[in-house]
Amino acid sequence: MRTMMVLAILITVIGSSSALAAEPSPATSTCLECHRTATPGAVADWERSRHAHVTLQEALAKPALERRTSLTKAPKGRTDVAIGCAECHTINPREHKDTFAHEGYKVHVVVTPQDCATCHPVEVKQYGQNLMSHAYGNLNKNPVYHDLMEVTNGVPIYENGKVAYRKPNAQTDAESCNYCHGTVVGVKGAKAKDTDFGQMEFPVLTGWPNQGVGRINPDSSMGSCTACHARHQFSIQMARKPYTCAECHKGPDVPAYKVYEVSKHGNIFSSLHEEWDFNNVPWTVGKDFSAPTCAACHASLMVNEDGDVVAERTHRMNNRLPWRLLGLIYAHPHPKSPDTTVIKNKAGLALPTELTGEPVAKYVIDAQEQAQRRKAMERVCLACHHEGWVEGQWARLENTIRTTNESTLTATKIILAAWDTDLADDDSIFNEAIEKKWVEHWLFFANSTRLSSAMAGADYGVFANGRWYMNKNIQEMIDWIEFKGRETQ
Amino acid sequence: MRTMMVLAILITVIGSSSALAAEPSPATSTCLECHRTATPGAVADWERSRHAHVTLQEALAKPALERRTSLTKAPKGRTDVAIGCAECHTINPREHKDTFAHEGYKVHVVVTPQDCATCHPVEVKQYGQNLMSHAYGNLNKNPVYHDLMEVTNGVPIYENGKVAYRKPNAQTDAESCNYCHGTVVGVKGAKAKDTDFGQMEFPVLTGWPNQGVGRINPDSSMGSCTACHARHQFSIQMARKPYTCAECHKGPDVPAYKVYEVSKHGNIFSSLHEEWDFNNVPWTVGKDFSAPTCAACHASLMVNEDGDVVAERTHRMNNRLPWRLLGLIYAHPHPKSPDTTVIKNKAGLALPTELTGEPVAKYVIDAQEQAQRRKAMERVCLACHHEGWVEGQWARLENTIRTTNESTLTATKIILAAWDTDLADDDSIFNEAIEKKWVEHWLFFANSTRLSSAMAGADYGVFANGRWYMNKNIQEMIDWIEFKGRETQ
Amino acid sequence: MRTMMVLAILITVIGSSSALAAEPSPATSTCLECHRTATPGAVADWERSRHAHVTLQEALAKPALERRTSLTKAPKGRTDVAIGCAECHTINPREHKDTFAHEGYKVHVVVTPQDCATCHPVEVKQYGQNLMSHAYGNLNKNPVYHDLMEVTNGVPIYENGKVAYRKPNAQTDAESCNYCHGTVVGVKGAKAKDTDFGQMEFPVLTGWPNQGVGRINPDSSMGSCTACHARHQFSIQMARKPYTCAECHKGPDVPAYKVYEVSKHGNIFSSLHEEWDFNNVPWTVGKDFSAPTCAACHASLMVNEDGDVVAERTHRMNNRLPWRLLGLIYAHPHPKSPDTTVIKNKAGLALPTELTGEPVAKYVIDAQEQAQRRKAMERVCLACHHEGWVEGQWARLENTIRTTNESTLTATKIILAAWDTDLADDDSIFNEAIEKKWVEHWLFFANSTRLSSAMAGADYGVFANGRWYMNKNIQEMIDWIEFKGRETQ
């Protein structure tokens, strides 16, 4: 078998090198003339990419499951050229506020989902239904979360024996919460600069750099494909490896990667992935890889060795997810709309549950849709595991959703008691020490415990920000109330 | 030398591919017929395994040190076939409560150490002397630790201004502590299911899925070989890489992998292991690998380039360990029996030390045995380091055992003071805030500091859950007593 | 292109194997005779090294940019031999207090920067200007930091209802702070030992083992090249991979590696580095690697595909760093002298800022030098990014330097209030609970936030020891003062 693998590798190498036939367009050739020297790393990176090697015509000639474009017909002028600088950075010039005149071309800096949709329309459409594409607004335009952001990023100032907080500026938000959620990228005039090729004028961007999943772009589109498909190689290998997801899913609020890393799946990936193939499309379970990465369970088109589809490709990401485990006060059925600012609970807040945990039925998916999504995920599990295994796993996750929600409810009742007795005031529900403990209860510990359950990475449900910390937190919240109550007598 | 390495790789590839001669048994062929479609990932994984490629006859023809079976003679019917589905899933049918009739065979779901012992009897016997094989009982049947587990996993419920804890259910324990320690896998009737091949009946397992090191199996055996040798590839490469150990040895209670990762050894592994050979048996120091992984120091058969044995293979794991650094209140000489529930200290508790730290001599190994184990470990160290280096390293570890035990004694005296003065009550010794600080003192910080010393990963003995936190903890325990004392006046 | 890569690899392999011509010197051959058996791992490791394969003559025959020695002429006797055991362990015998008679040679155990300077004089000279080479004294001889070390490593002892701290011994310091900062390696007599080759006498070293960056060596030189260039392979590959830096730059006080890991750069490294070339000198951006590692930004000689130098090699490490972000109470312009014990602020302390944050101008670099260093770093960024991107990145970092310094100032004002009111006493400024919170404010949280900004790994500036913890810390410091104030009334 290994001889065959070696041969397969050699054939792949030779095969892909013959794909070098793709010629850059005249416009791209002009870009490359200077940029080979001006930004050599970016050009060399692109030269490794599939974009540099395969024309749309060649791509469309492949069997449907093997295609990496979701077009069925190549648009004019793009049939037989490489997808190079000009193809992406000069398209849709009028929509782009960041378009500027550059060496005879109308170039824009920021390539957006709308630009990528030229060749990948299905993926971009699916992504528009993904919570991620709305990540900017879902955080910044939800008053509750906006307050959490301000309380987190604000700068403490000490004056006359008191601490007050100055609101965070845009630069701080851009490199913290909005690094992942996305910034608003705008244009603020232009600036002349001396370059090796003479003086040139460039637009001045605000909110830049950024590659957050919900970026608001200069052409008004939302999202950033480069969040997962890093420029300029756009390697599918990279999107399929868990390190890409780790960029935003590793911290205590969302330790998905950490849980994966200590799970059996993660262990198999770490130990054996050097022998796998991360470039094949479709992705064949068992043959191309022996254990799932994030992409395998949540996004990739997966087939078995007979070519039967095990899971459809999706850029909506939650097709296989009945529950939303993360980020909110309680776990709950997935929201229907990717724009969660439309939600209103009984208290009038844009939260998918009441403060006591009941889901706001109108805005979340129903049991039938949950069952369908569970089924879609199970098909992935069943490619390796028998049904009894999979049922046991789901039963545990649903048990853990219940128990962690109960634990959060207890923490919520304690904080309500603190507010009722004025031991904590309610100017903000996030800024005092006991309120921060309450936030950590759900945002860190309950989240971590649920992820640990979902992906079987045990320690993140026990001593690594799991149940140990939830119960310690409860005791410390009780003590705080006692100590503080004494104070105020 | 590198030309030779390339040649060696090619020869290995061709060599191992000729091993493909191994034919599946008729029974296994029957399994494969359907399971190639039913569980394609599992079958493809097995096809990459040595079990699929080498017959016992071939395995036994190798020189003793190169053998991966500890048999000396092949049992009937297994001489010249691949070790496939049926060889493992139909053996010992009568012992297995999970045996069920399936397509004309008596199949069981859970393959156990007793099943593996058919070809690996020495390893299974050694493993029976390993603390790990008793990990279920050592946790669940020791009243002290059972209480710690309940206090950790219990669900806080708030009623009438008070918090009470509901005991954790079996599902919670199974995915947290018992994920690593092992569950009790039982059979609770059977259930008919519709499959692509018609309706079939399968046993319903409890405590399933699980692959914990001390799993109680449906054939009454203890342990799970797949904890480290993941199905169905059973790759020695994987068992030798540190990611496998990280599954259970990474959390704050036992951060062995984290310490390793920042040690010089771990750095060399991470930087250079792509050039090493993780499949050779025996494992040649310097030639196959340049720095030890967990397996090299604790388990593997290691030789030098002359073929002299540097260290014997062991599945008892503690042959080279004079001290037990982890998990208990104080570090102490290794316990004699892998079943630690037999221990009784003066207070009548199943703990290998008194509450003040003195080892319970009757139950722990003596100085002579400690010296032998140290010598066994030193032989590994001396393969690369000179004696002065190794002596310096041991002196530091023993110093750190003393100082961390002293620090824990101080924390213990503080908690005793809290109990004596009724500031904390002793319904459980783990459930109040100050008691949790005491637990973290030894379970997190002292453990971390000792592991950091043992494997030279400095930060885990200082600012990453090390001495910094022990001394901060002491101050916060003192403050808690002051604040609480004020309360109760 | 990939065909060419494969060919290039084959040529490299064959090319480097022809380099095997390098013969060991007679002295080294003598060493190898016994040490192949005595320390097989060390010898095999050396055999993989460039030192074993390339003579100085061959090295000097290369074009200047490709040379890995900074000599221009080979010293006598080293022209045409491998650089083996004897070349390093017998040089400069009289300077070495650890020299001992061994099988007819004068051998020393500890190879030092002064020994390495025989072939690498420029690197050793640069390293002498590196803060790291002074890391022992900068920590141990600065009274403020020496106190922090004692408070951190001291052993708490409980007597008569009170906790006192015993000062840490040298062994504790050696395996904690001084593991990275370096120990003083001394000689304390000699000791006879039985070996496989008869009885021999070896020097007894103190402070050994150690490979800290600021080690004080038995020849009075400072530093340890093996901190980053691990013995005995001295692989440039290893020094260029981030795992090497992680050994000392991963803990909460300096989480550089953790930030890198979740940055886009780190993600690209983790996902794609198996296809890169870490051995080429000079290192070509885009061709040899697609995203920077620590070495690329801070140390390596980097060129573009035309061979133009993008960045000079430096072992001073801070040539491209206008700001010192780490370890001190406030971020500040880099100190002028690598020996920071010479600094005196207004309070007479060896700190580069006042307690309120103003830099001590006399001892830190001026704005002009800062601008030059920033320009040097920008040249690295601009190899892939456009100017607007780079400017946006710097603006954020400088904003974050300001806001984190402000946050630390607030924490400092709170602790000053605690001292003023005698709620905390000033026997040490680090030993009480609130003082430890103050230390964590700057040593953990502000550092983490700044590193997160500098390298764009967002979570370490928010929920992973970032701004969330700074603001929580402020609230808990305020509460502590309230609770403690109540106590002392």
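1. Structural notes on the overall build of chain A
- The helix and strand inventory of chain A stands at 20 helices and 11 strands.
- Its C-alpha radius of gyration of 25 Å places chain A within 12% of the 23 Å reference for a compact globule of 489 residues.
- Summarising its shape, the C-alpha atoms of chain A cover approximately 80 × 60 × 40 Å along the three principal directions.
- When the accessible surface of chain A is totalled, it reaches about 19,500 Å², and 57% of it is carbon and sulfur.

2. Quick look at the packing of helix 17 (residues 367-381) of chain A against helix 18 (residues 387-420) of chain A
Residues and elements named next belong to chain A.
- Put simply, helix 17 and helix 18 touch, their axes get as near as 11 Å, and they point 135 degrees apart. Here helix 17 is positioned oblique relative to helix 18, judged by the angle of their axes. Considering how the two elements wind past one another, helix 17 and helix 18 form a crossing that is right-handed. Note on element contacts: helix 18 touches helix 17 through Val 390, Trp 394 and Glu 398, opposite Arg 374, Met 377, Glu 378 and Cys 381.
- When the residues that make up the contact of helix 17 with helix 18 are grouped by side-chain class, the tally is four nonpolar, no polar and three charged.

3. Looking at the sheet that holds strand 8 (residues 302-303) of chain A
- The three strands lie next to each other as 7-8-9 (chain A), forming an open sheet whose pairing is mixed. Two strands bound the open sheet, and with one partner strand each, they are strand 7 (283-284) and strand 9 (309-311) of chain A.

4. Let's talk about the interface of chain B and chain A
- Taken together, the contacts link 79 residues of chain B with 67 residues of chain A.
- Summed over both partners, the interface of chain B with chain A comes to about 6,500 Å²; 53% of that surface belongs to carbon and sulfur atoms.
- Applying the counting criterion to the chain B and chain A interface returns 10 salt bridges.
- The partner of Glu 391 of chain A in a salt bridge is Lys 193 of chain B, and the shortest N-O contact between them spans 3.9 Å.
- Here chain B and chain A share 34 residue pairs in polar contact (both at pLDDT 80 or more) between them.
- For the side of chain B that touches chain A, the element with the most residues is helix 19 (residues 433-455) of chain B, which contributes seven residues.
- Of the residues contributing to the side of chain B that touches chain A, the split by class is 34 nonpolar, 24 polar and 21 charged.

5. Here's the deal with the environment of Asp 427 of chain C
Residues and elements named next belong to chain C.
- For Asp 427, the position within the fold is in the loop between helix 18 (387-420) and helix 19 (433-455).
- Note: C-alpha distance between Asp 427 and Ala 383 (44 residues apart in sequence) is 52 Å.
- A polar atom in the side chain of Asp 427 sits 3.0 Å from the side chain of Asn 431.

6. Remarks on the relation of the copies chain B and chain A
- The transformation that overlays chain B on chain A combines an axial shift of 0.0 Å with a rotation of 120 degrees, and the residual RMSD is 0.0 Å. One copy is carried onto the other by what is essentially a three-fold rotation axis. Rotation axis and chain B: the residue whose C-alpha lies nearest the axis is Phe 483 of chain B, separated from it by 3.9 Å.
- Little of the interface of chain B is mirrored in chain A: 4% of its interface residues are interface residues there too.

7. Notes on the state of the cysteines
- On inspection of all chains with the given rule, the structure shows three disulfides over all chains.
- The partner cysteine of Cys 180 of chain A in its disulfide is Cys 248 of chain A, sulfur to sulfur 2.4 Å. Classification of the bridge connecting Cys 180 of chain A and Cys 248 of chain A rests on its S-S torsion, roughly -100 degrees, and on that basis the disulfide is left-handed. Of this pair, Cys 180 of chain A sits in helix 11 (residues 177-181) while Cys 248 of chain A sits in the loop between helix 13 (242-246) and helix 14 (256-262), and the two are 68 residues apart along the sequence.
- Exposure remark for Cys 180 of chain A: the relative accessible area of 15% places this residue in the buried category.
- No disulfide involves Cys 88 of chain B; its nearest neighbouring cysteine sulfur is the one of Cys 116 of chain B, lying 6.5 Å away.
- Not engaged in a disulfide, the cysteine Cys 384 of chain C finds its nearest cysteine sulfur in Cys 381 of chain C; these two sulfurs lie 9.4 Å apart.
- Under the relative-accessibility criterion, Cys 384 of chain C is labelled partly exposed at 27%.

8. A closer look at the pairing of strand 6 (residues 198-206) of chain A
Residue and element names in this part refer to chain A.
- Bridge count for strand 5 (residues 186-195) against strand 6 is eight bridges, and the pairing is antiparallel. The partner of Lys 193 across the bridge, within strand 6, is Met 200.
- In sequence, strand 5 turns back onto strand 6 through a hairpin of two residues.

9. Topic: the pattern of salt bridges
- Taken as a whole, this structure holds 49 salt bridges over all chains when the rule is applied.
- A salt bridge links Glu 440 of chain A to Lys 472 of chain C; the shortest N-O distance between them is 3.1 Å. Of this pair, Glu 440 of chain A sits in helix 19 (residues 433-455) while Lys 472 of chain C sits in helix 20 (residues 467-488), placing the two residues on different chains.
- The salt bridge involving Glu 150 of chain B is made with Lys 167 of chain B; its shortest N-O contact spans 3.5 Å. Of the two residues, Glu 150 of chain B sits in helix 9 (residues 143-153) while Lys 167 of chain B sits in the loop between strand 4 (162-166) and helix 10 (170-175), which places them 17 residues apart along the sequence.
- Through salt bridges with shared partners, one network takes in Glu 387 and Glu 391 of chain A together with Lys 191 and Lys 193 of chain B.

10. Here we look at the interface of chain B and chain C
- Opposite the 67 residues of chain B that make contact, chain C presents 79 residues.
- Together, the buried faces of chain B and chain C total about 6,500 Å²; carbon and sulfur atoms form 53% of this surface.
- Summed over the shared surface of chain B and chain C, the result is nine salt bridges.
- We note a salt bridge from Glu 261 of chain B to Lys 250 of chain C, for which the minimum N-O separation is 3.0 Å.
- In this structure, the connection of chain B to chain C is made through 34 residue pairs in polar contact (both at pLDDT 80 or more).

11. A few points about the relation of the copies chain B and chain C
- Note on the copies: chain B fits chain C at an RMSD of 0.0 Å, the axial shift is 0.0 Å, and the rotation between them is 120 degrees.
- Different-surface contact between copies: only 4% of interface residues of chain B are shared with the interface of chain C.

12. As for the packing of aromatic side chains
- For the structure shown, the criterion picks out 60 aromatic pairs over all chains.
- Seen from their ring centres, Phe 269 of chain C and Trp 276 of chain C are 6.1 Å apart, and the 65 degrees between their planes marks the pair as edge-to-face.
- Trp 276 of chain C gets classed as buried once you look at its relative accessible area, which sits at 9%.
- With centroids separated by 6.4 Å and ring planes inclined at 15 degrees, the aromatic side chains of Phe 430 of chain C and Trp 438 of chain C adopt a geometry described as stacked. By the burial criterion, Phe 430 of chain C is buried, and Trp 438 of chain C matches it.
- Sitting above the plane of the Trp 468 of chain C ring, Lys 436 of chain A keeps its charged end 5.0 Å from the centroid.
- Positioned over the ring face of Phe 278 of chain C is Lys 241 of chain C, at 5.0 Å from the centre of the ring.

13. Re the confidence of the model for chain A
Residue and element names in this part refer to chain A.
- When pLDDT is averaged along chain A, the result is 94, and 95% of the positions lie at 70 or above.
- In this model residues 1-19 is a low-confidence stretch, pLDDT under 50, and it forms 21 contacts with partners more than four residues away in sequence or in other chains.
- Across the interface, the model reports ipTM at 0.95; the global pTM reads 0.95.

Each value, and the rule that gives it
- Residues numbered from 1 in each chain as written.
- Chains lettered and ligands numbered in written order.
- Predicted model: local features only at pLDDT ≥ 70, side-chain atom pairs only at ≥ 80, totals over all residues.
- Heavy atoms only, no water.
- Helix = DSSP H or I, 4+ residues; strand = E, 2+ residues; numbered from the N terminus.
- Rg over C-alpha atoms; globule rule 2.2 N^0.38 Å.
- Areas by Shrake-Rupley, 256 points an atom, 1.4 Å probe, with all protein chains shown as cover.
- Axes fitted to C-alpha atoms, helices over the stretch in contact; angles between N-to-C directions.
- Parallel < 35°, antiparallel > 145°, perpendicular 65-115°, else oblique.
- Left-handed = near helix turned anticlockwise from the far one by under 90°.
- Contact = heavy atoms within 4.5 Å.
- Nonpolar A, V, L, I, M, F, W, Y, C, P; charged D, E, K, R; others polar.
- Pairing = 2+ DSSP bridges.
- Buried area = accessible area lost by both parts, 1.4 Å probe.
- Salt bridge = Lys/Arg side-chain N within 4 Å of Asp/Glu carboxyl O.
- Polar contact = N/O pair within 3.5 Å; in protein donor to acceptor, adjacent residues only side chain to side chain.
- Least-squares fit on C-alpha atoms with pLDDT ≥ 70 in both.
- Disulfide = S-S within 2.5 Å.
- Buried < 20%, exposed > 50% of the residue type's maximum accessible area, 1.4 Å probe, protein only.
- Phe/Tyr/Trp six-rings, centres within 6.5 Å; stacked < 30°, edge-to-face > 60°.
- Lys NZ or Arg CZ within 6 Å of the ring centre and 35° of its normal.
- pLDDT = per-residue confidence, 0-100.

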